[in-house]
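Architecture at a glance
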Amino acid sequence: MNLEELVATEDLCTKYSVESTFIRSLNDSGLLEIITVEKTEYVHCDNISDFEKLRRMHYDLHINIEGLEAVENLLNQVKKLQKSNLQLRNRLNLYE
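Residues numbered from 1 in each chain as written. Predicted model: local features only at pLDDT ≥ 70, side-chain atom pairs only at ≥ 80, totals over all residues. Heavy atoms only, no water.

Section: the sheet that holds strand β1 (residues 6-8)
What counts is decided by this rule: For two strands to count as paired, DSSP must find a minimum of two bridges between them. A run of H or I in DSSP becomes a helix once it reaches four residues, and a run of E becomes a strand once it reaches two; helices and strands are each numbered from the N terminus. Every angle, taken between N-to-C directions, lies between 0 and 180 degrees, and every axis is a line fitted to C-alpha atoms, over only the stretch in contact when it is a helix.
Taken in spatial order, the 3 strands make up an open sheet running β1-β3-β2, and their pairing is antiparallel. In the strand order of this sheet, the two ends are held by β1 and β2 (35-37), each with one partner. Neighbour-to-neighbour, the strand axes of this sheet turn through a mean angle of 45 degrees, independent of strand direction. Where β2 lies against strand β3 (residues 40-44), 3 bridges are found, and the strand directions are antiparallel. Counterpart to I35 in the pairing with β3 is Y42.

Considerations on the packing of aromatic side chains
Put simply, the rule reads: Between the rings of Phe, Tyr and Trp (Trp by its six-membered ring), a pair exists once the centres lie within 6.5 Å; its type follows the angle of the planes, with under 30 degrees stacked, over 60 edge-to-face, and the other angles tilted. Residue burial is assigned from relative accessible area. The probe radius is 1.4 Å, only protein chains are included, and a residue is buried under 20% of its type maximum, exposed over 50%, and partly exposed in between.
All told, the structure shown has 3 aromatic pairs when counted by the stated rule. Ring geometry for Y16 versus F51: centroids 5.3 Å apart, planes at 70 degrees, classification edge-to-face. Of the two residues, Y16 is situated in helix α1 (residues 9-16) and F51 in helix α3 (residues 48-60); the sequence distance between them amounts to 35 residues. The burial state of Y16 is the same as that of F51; both residues are buried. Linked through ring pairs, Y16, F22, F51 and Y59 together constitute an aromatic cluster.

Quick word on unusual backbone geometry
As a rule of thumb, non-glycine residues mostly have phi less than zero, and peptide bonds are mostly trans rather than cis. Phi is positive for S17, which is not a glycine, with a value near 55 degrees. Structurally, the position occupied by S17 is in the loop between α1 and α2 (20-28). Residue classification places S17 among the exposed positions, given a relative accessible area of 61%. A positive phi angle, close to 50 degrees, is found at E38, a residue other than glycine. Examined against the element boundaries, E38 turns out to sit in the loop between β2 and β3.

In structure tokens form, the structure reads like this:
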């Protein structure tokens, strides 16, 4: 993994005005992956949009970590159902 693709958690805390405990809580709950390189914690740049979404839900909508887990689970289920629905529609179109 290239260090250029990683963003230090300290930088995220500064840029988004969040506590480092919030980021660690996201990691502990499995919502955000933290990568440690030489005692410095990083988040992969591909996960920044997920972090931003979780931060908005937590700070703007006042949803706690357990609530974030539930929301993420439900959103993942919706995505799976939408994918399944699309597959079924495509199969149905074959018979029309």
